[in-house]
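Structural features, examined
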Amino acid sequence: MREIIAAVFIIAGMLVFVVALLGIYRLKYVMNRIHAAALGDTMGLGLVTIGLMILGKDVFHIAKYILIILFFWMSSPIASHMIGKVEMLTNKDYDERVHGK
Amino acid sequence: MYLILLLLWFIFSGKITLEIALFGLVICSWLYWFMTKYMDYNVKKDIALIKKIPLFLLYGVTLVCEVIKSNLAVIRIVLSPGLECEPTFTTFQTDLKTEVARVTLANSITLTPGTYTCGLEGNTYTVHALDKKFTEGIDESVFVKQLRKLEESV
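Quick caveat: nothing in here was measured; it's all calculated off a predicted structure.

Quick word on the overall build of chain A
Within chain A, the regular secondary structure consists of 4 helices and 0 strands. Its helices and strands in sequence order give chain A the pattern α-α-α-α, from N to C terminus. The C-alpha radius of gyration of chain A comes to 17 Å, more than 25% above the 13 Å expected for a compact globule of 101 residues. Its C-alpha atoms put chain A at 55 × 25 × 10 Å along the principal axes. Within chain A, buried positions represent 29% of all 101 residues. Put simply, of all contacts in chain A between residues at least 6 apart along the chain, 59% involve residues at least 24 apart.

Here is the structure:
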């Protein structure tokens, strides 16, 4: 029973990753693509980790998975922030690129 | 902070034995001494932090709820056939005073899909949103209210 619940969570997480990948291809322009990539970072990773937590053997495993989420959620926004900032500073004709396509 | 360090040590070790516990106590004591001497940590601040733990937990729960909500909204946009979205930039000001609260707010905004912060100067945020509806009420979101409560409870 435990395995089934865990599998449901992991598969749901994988589906979110698939949607994120689809979004990266479907959306145009880097700034919109970041939003799609954030799907995998947050909900995809969260669901997969919850699934693995259910499979975890003792309390240390679960604590480590919680730490993975914690550190990832602290560090991943910084990366997307830097990408966004660089794009904003270097690309002046934002409107043209978004609406011209 | 000492307890957090010790807890991290035990989690990374993976088991509790006498040897690990003794090493952990010594190393964490040294590290805590280093932090108080050079990194502007002290016992008083730690006690103030302990009092705020319920508020931090509440903030975490709110963050998870918001992340799930906006995830579903972005998934709907990505899977919609025509990609009905209107990317926009918005700027807004905040009245949060401490730097930590401001950075936490920027981080939370970036963490929720659909919006992310591309600029933070002083108290002005530049936020890029995938659709206009994500920007509604962003300057007075639940994050701002909770962070304000965290700041006031010092």
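On we go.
Re the confidence of the model for chain B
Residue and element names in this part refer to chain B. When pLDDT is averaged across chain B, the result is 80; 96% of the residues are at 70 or more. Ranking the elements of chain B by mean pLDDT puts helix α6 (residues 142–152) last, at 77, and helix α2 (residues 18–38) first, at 86. The complex model carries a pTM of 0.79, and its ipTM stands at 0.78.

Here we look at the domain arrangement of chain B
Partitioning chain B into structural domains gives domain 1 (2–43) and domain 2 (52–152). Of note, the centres of domain 1 of chain B and domain 2 of chain B, computed from C-alpha atoms alone, are 34 Å apart.

Examining the pairing of strand β2 (residues 115–121) of chain B
Residues and elements named next belong to chain B. Pairing of β2 with strand β3 (residues 124–129) involves 6 bridges; the strand directions are antiparallel. Bridged to glycine 119 within β3 is threonine 126. Between β2 and the antiparallel strand that follows it, β3, lie 2 residues; glycine 122 among them carries a positive phi value of about 60 degrees.

A closer look at the nonpolar core
Grouped together as the largest cluster of nonpolar side chains are 34 residues, with contacts concentrated most on Val16, Val19 and Leu39 of chain A together with Val74, Val78 and Leu130 of chain B. When residues of this core are traced back to their parent elements, those giving at least two are α1 (2–26) and α2 (30–55) of chain A together with α4 (53–79), α5 (99–111), β2, β3 and α6 of chain B. Ignoring any residue separated from it by four or fewer positions in sequence, one finds valine 78 of chain B in contact with Val19, Leu22, Gly23, Arg26 and Ala36 of chain A.

What to know about the interface of chain B and chain A
Taken together, the contact pairs 22 residues of chain B with 26 residues of chain A. If you tally residues by element for the side of chain B that touches chain A, the top one is α4 of chain B, at 7 residues. Its residues assigned to classes, the side of chain B that touches chain A shows 14 nonpolar, 8 polar and no charged.

Regarding the UniProt feature "transmembrane region" (unreviewed entry) in chain B
Residue and element names in this part refer to chain B. According to UniProt, the feature "transmembrane region" (unreviewed entry) maps to residues 6–34 and 55–79 in the numbering used here. Between the end C-alpha atoms of residues 6–34 there is a gap of 15 Å, over a span that is 86% helix and 0% strand. Segment residues 55–79 splits into 100% helix and 0% strand. End C-alpha atoms: 36 Å apart.

A closer look at the environment of valine 16 of chain A
Take valine 16 of chain A: it is sitting in helix α1. Along the sequence, valine 16 of chain A and valine 48 of chain A sit 32 residues apart, while their C-alpha atoms lie 9.7 Å from each other.

Remarks on the packing of helix α1 (residues 2–13) of chain B against α2 of chain B
Two packed helices can be described by the angle between their axes and the distance between those axes. Residue and element names in this part refer to chain B. At their nearest, the axes of α1 and α2 sit 9 Å apart, and the two run at 140 degrees to each other. On the basis of their axis angle, the class for α1 and α2 is oblique. The chirality of how α1 crosses α2 is right-handed. Within the contact between the two elements, α1 uses Tyr2, Leu5, Leu6, Trp9, Phe10 and Ser13 and α2 uses Ile20, Gly24, Ile27, Cys28, Leu31 and Tyr32. Considering only residue class, the contact of α1 with α2 consists of 10 nonpolar, 2 polar and no charged.

Details of the packing of α4 of chain B against α6 of chain B
Residues and elements named next belong to chain B. Where α4 contacts α6, the axes come no closer than 10 Å and their chain directions differ by 175 degrees. Classified by the interaxial angle, the pair formed by α4 and α6 is roughly antiparallel. The residues of α6 that touch α4, namely those facing Leu55, Leu58, Tyr59, Thr62 and Glu66, are Val142, Gln146, Lys149 and Leu150. Residues that form the contact of α4 with α6 fall into these classes: 5 nonpolar, 2 polar and 2 charged.

Definitions and limits used
Residues numbered from 1 in each chain as written. Chains lettered and ligands numbered in written order. Predicted model: local features only at pLDDT ≥ 70, side-chain atom pairs only at ≥ 80, totals over all residues. Helix = DSSP H or I, 4+ residues; strand = E, 2+ residues; numbered from the N terminus. Rg over C-alpha atoms; globule rule 2.2 N^0.38 Å. Buried ≥ 20, exposed ≤ 12 C-beta atoms within 10 Å, placed from the backbone. Contact = placed C-beta atoms within 7 Å. pLDDT = per-residue confidence, 0-100. Domains from an automatic or database assignment. Pairing = 2+ DSSP bridges. Core = buried A, V, L, I, M, F, W, Y, C linked by C-beta atoms within 7 Å. Nonpolar A, V, L, I, M, F, W, Y, C, P; charged D, E, K, R; others polar. UniProt positions renumbered as here; feature names shortened; annotations may be inferred. Axes fitted to C-alpha atoms, helices over the stretch in contact; angles between N-to-C directions. Parallel < 35°, antiparallel > 145°, perpendicular 65-115°, else oblique. Left-handed = near helix turned anticlockwise from the far one by under 90°.

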